[in-house]
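# Chain and residue survey
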Amino acid sequence: MAASSDYVTLISSDEFSFIVQRSSACISPAVKRMLDPSNGFLEAKTNTVRFDNINGMVLEKVCEYFYYSEKNENARDVTDLDFPTEMCLELLMAADYLDI
């Protein structure tokens with residue numbers, strides 16, 4: 001059983017792993033619930049979250065968004081986060097799943 005860590009591993013459907021700060025990943029209410037030890041999910045014990053419905057390219061952009069959102073939380077006049085237009089639908093589906 002792994003202790004709570006400052007970092008968590010997010011794994012995509014195609015087995016790409018992204019190690020991100022827990023504070024950034026928890027911007028997503030869904031991820032936050034998964035990593036909360038009081039909920040009893042395996043993810044909280046292993047500090048690893050698997051996304052069987054999100055591929056590596058999309059999960060990479062999601063991780064970028066986590067850091068971007070945390071960095072600019074109270075900022076004004078923030079520039080837009082760039083992402084490829086062809087990923088719009090997949091990013092919207094991931095955002096819906098993650099409640100972000």
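Rules of the game
- Residues numbered from 1 in each chain as written.
- Predicted model: local features only at pLDDT ≥ 70, side-chain atom pairs only at ≥ 80, totals over all residues.
- Heavy atoms only, no water.
- Pairing = 2+ DSSP bridges.
- Helix = DSSP H or I, 4+ residues; strand = E, 2+ residues; numbered from the N terminus.
- Patch = residues over 30% accessible without salt bridge, like charges linked within 9 Å, V, L, I, M, F, W, Y side chains within 5 Å.
- Areas by Shrake-Rupley, 256 points an atom, 1.4 Å probe, with all protein chains shown as cover.
- Salt bridge = Lys/Arg side-chain N within 4 Å of Asp/Glu carboxyl O.
- Buried < 20%, exposed > 50% of the residue type's maximum accessible area, 1.4 Å probe, protein only.
- 1 Å grid on protein atoms, 1.4 Å probe; cavity = no way out; pocket = protein on both sides within 12 Å on 5 of 7 lines; lining within 4 Å.
- Points joined across faces, edges and corners; volume = space filled by probe spheres on them.
- Nonpolar A, V, L, I, M, F, W, Y, C, P; charged D, E, K, R; others polar.
- Contact = heavy atoms within 4.5 Å.
- Lys, Arg positive; Asp, Glu negative; His and termini not counted.

For the rest of this paragraph, the subject is the pairing of strand β1 (residues 7-11). Direction of pairing for β1 relative to strand β2 (residues 17-21): antiparallel, over a ladder of 5 bridges. Of the residues in β2, the one forming a bridge with Thr 9 is Ile 19. Between β1 and β2, which pair antiparallel in sequence order, lie 5 residues; one of them, Glu 15, sits at a positive phi of approximately 70°.

On the surface, Tyr 7, Ile 19 and Tyr 67 cluster together to form a nonpolar patch covering roughly 320 Å² of accessible area. Note that Ile 19 resides in strand β2.

Here we come to the pattern of salt bridges. Throughout the structure, instances matching the rule amount to 3 salt bridges. A salt bridge links Glu 15 to Arg 50; the nearest nitrogen and oxygen atoms lie 3.5 Å apart. With Glu 15 in the loop between β1 and β2 and Arg 50 in strand β3 (residues 48-50), this residue pair connects regions lying 35 residues apart in the sequence. Note on Glu 15: relative accessible area 52%, which makes it exposed. Its relative accessible area of 46% is what places Arg 50 among the partly exposed residues.

Roughly 240 Å³ of volume is contained in the largest pocket. Looking at the largest pocket, the residues that line it are Lys 61, Val 62, Tyr 65, Leu 81, Phe 83, Cys 88, Leu 91, Leu 92, Ala 95 and Ile 100. Looking at the lining of the largest pocket, the elements that each hand over two or more residues are α4 (56-71) and α5 (88-98). Tallying contributions element by element places α5 first for the lining of the largest pocket, with 4 residues. Its residues assigned to classes, the lining of the largest pocket comprises 9 nonpolar, no polar and 1 charged.

It is worth spelling out the environment of Leu 81 at this point. Within the fold, Leu 81 resides in the loop between α4 and α5. Taking the C-alpha atoms as reference points, Leu 81 and Glu 64, separated by 17 residues in sequence, lie 8.8 Å from one another. Apart from the residues within four sequence positions on either side, Leu 81 is in contact with Tyr 65 and Tyr 68.

Here the focus is the environment of Lys 71. Looking at the element boundaries, Lys 71 is found in helix α4. Given the relative accessible area of 71%, Lys 71 is considered exposed. Lys 71 sits 47 residues away from Ser 24 along the chain, and the two C-alpha atoms are 9.0 Å apart.

Here we take up the side chain of Arg 22. Within the secondary structure, Arg 22 is located in helix α1 (residues 22-25). For Arg 22, which is buried and forms no salt bridge, the nearest opposite charge comes from Asp 6, at a distance of 6.3 Å. Contact partners of Arg 22, with chain neighbours within four places excluded, come to Ser 4, Ser 5, Asp 6, Tyr 7, Val 8, Leu 35 and Asn 47.

On their own, these measurements won't tell you what the molecule is for.
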